[in-house]
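Tertiary structure, described
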Amino acid sequence: MNPALTQFGDKMSHLTGVRAIMKDIKETLQAGVGQQYINLSPGNPVILPEVEELWREYTTELLNGQDFGNVVCRYGDSQGYEPLIEAVVNFFNQRYNLNLTNRNILITPGSQSLYFYATNAFGGYTSSGKLKQIVLPLSPDYTGYGGLTLFPEALFAYKPALDIDTAGHTFKYRPDFSKLNIDESTGCVLFSRPCNPTGNVLTDDEVRKIAALAEPYDIPVLIDSAYAPPFPALNFTEMTPIFGGNIIHCMSLSKVGLPGERIGIAIGEEKYINVLESFQTNMCIHSSRYGQAIAARAIETGMLADIATSVIRPYYQKKFTVVESTLDEAMPKDLPWFLHRGEGAIFAWIWFEDLPITDWELYQQLKQVGVIVVPGSSFFPGLREDWKHKQECIRISLTATDEDIETGMRRLAKVIQDVYKRGN
Ligand SMILES: Cc1ncc(COP(=O)(O)O)c(C=O)c1O
């Protein structure tokens, strides 16, 4: 017999979005022992030797240092390990000319938990019963936002405007400011920049415009910077991180090689940080101090920012060019396929206009030819509108080898050609 669950228990015990598909992928890979799949689905970063070595060095330093017992044998402050907070304050003040103090920083066990605290602290029902929306200004966006809130009705995403280059087979999503509504019914605003799954980067102006709409209502705007500069710096286009006022700049150390250590960093006004810190104390006390201690050293020395631009960014940027050039060569010119402009992150996003089948069916057909991608429809959390486009996209991970990406894209081109020809 299954245990009786509360509404909260029921919500949190179900997998949402891409996590549910990942289960299917895992089962496919396990069942297909002996069959060679080209797996273009993972969100897990590649273990780059230089990055692994950096973390090994700082771990050795920690193991041999005076602070080891204090780091791993004791509880610490909920806000975070003090030397890491200090390293973040100094680094960001210097690099971006800010006036941060240690009260502007919160360290969390991964950035996913930070979004959980924030969306539940600022979104949902107020004590007077009013619904405060969690606004995603540009859909599609990170699938993980779909499982954050107890109240699905609180999550509200906006359909984007599309900038299409028909001849070049590329496109870009833009926030549709003619529709975007931010007012006293909004609890918080959230978006990833660069974006998982599309690789889109909202321009500095677009970000400022969104923050300005929220500012009169004192609504926090969480900018999920999991792929942004200064680290991991997975932006392939110019972008400036934007701080201050109602913006909470949210970072993750997962894409700089520490996903296993679970480290997220929030930078924002003290009034927001205090709320999030209390949430964290109630939930889990604090993040792992071992990870925080090695991160403190890597930030303080400047090595993390250096390795991001010298090793991590070029690695994934090159992979994107492999996707781009193989598609250009292999995809039929007369079909309406569009690659999203590769402005950052570790994914490529492809849209097939008027696709005769759903993205899920395409995913199944690609599995038949040994290629695993992620169907795009799981990346529209909170977008209730019927929109065929939601079933016309797939996400390709840039974590595979060049050879696998090339072979995968060629097989994709063949399947797509057949699908449009057959009409199913
Ligand atoms: C856009 C985005 N935000 C947040 C996360 C969660 O990262 P973390 O490992 O810091 O919890 C991910 C993970 O892939 C992501 O892609």
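Residues numbered from 1 in each chain as written. Predicted model: local features only at pLDDT ≥ 70, side-chain atom pairs only at ≥ 80, totals over all residues.

In the nomenclature of an unreviewed UniProt entry, the chain corresponds to Valine-pyruvate aminotransferase apoenzyme from the organism Crinalium epipsammum PCC 9333. Check the Cofactor (unreviewed entry) section of the UniProt entry for the chain; it says "pyridoxal 5'-phosphate". (UniProt positions renumbered as here; feature names shortened; annotations may be inferred.)

**A look at the sheet that holds strand 12 (residues 337–340)**
Taken in spatial order, the six strands line up as 6-7-12-13-16-15 in an open sheet, and their pairing is mixed. Strand pairing shows two members of the sheet lacking a second neighbour, strand 6 (161–165) and strand 15 (374–375), which therefore form its edges. Bridging between strand 15 and strand 16 (residues 393–397) involves two bridges; their strand directions are antiparallel. When the bridges of strand 16 are listed, Pro375 appears paired with Ile394. (Pairing = 2+ DSSP bridges. Helix = DSSP H or I, 4+ residues; strand = E, 2+ residues; numbered from the N terminus.)

**Some points on the UniProt feature "domain: Aminotransferase class I/classII large" (unreviewed entry) in the chain**
Residues annotated by UniProt as "domain: Aminotransferase class I/classII large" (unreviewed entry) correspond here to residues 72–412. Taken end to end, residues 72–412 is 34% helix and 19% strand, and its two terminal C-alpha atoms sit 48 Å from one another.

**Considering the pairing of strand 12**
In strand 12, alternate side chains face the same way, and those of Trp337 and Leu339 on one face and Phe338 and His340 on the other are all buried. Inspection of the sheet shows strand 7 (residues 170–174) paired to strand 12 by two bridges, in the parallel sense. Within strand 12, the position partnered with Thr170 by the bridge is Leu339. Alignment of strand 12 against strand 13 (residues 347–352), held across three bridges, turns out to be antiparallel. Residue pairing in the sheet places Phe338 in a bridge with Trp351 of strand 13. Linking strand 12 to strand 13, which pair antiparallel, is a turn of six residues; within it Ala345 sits at a positive phi near 70 degrees. (Buried ≥ 20, exposed ≤ 12 C-beta atoms within 10 Å, placed from the backbone.)

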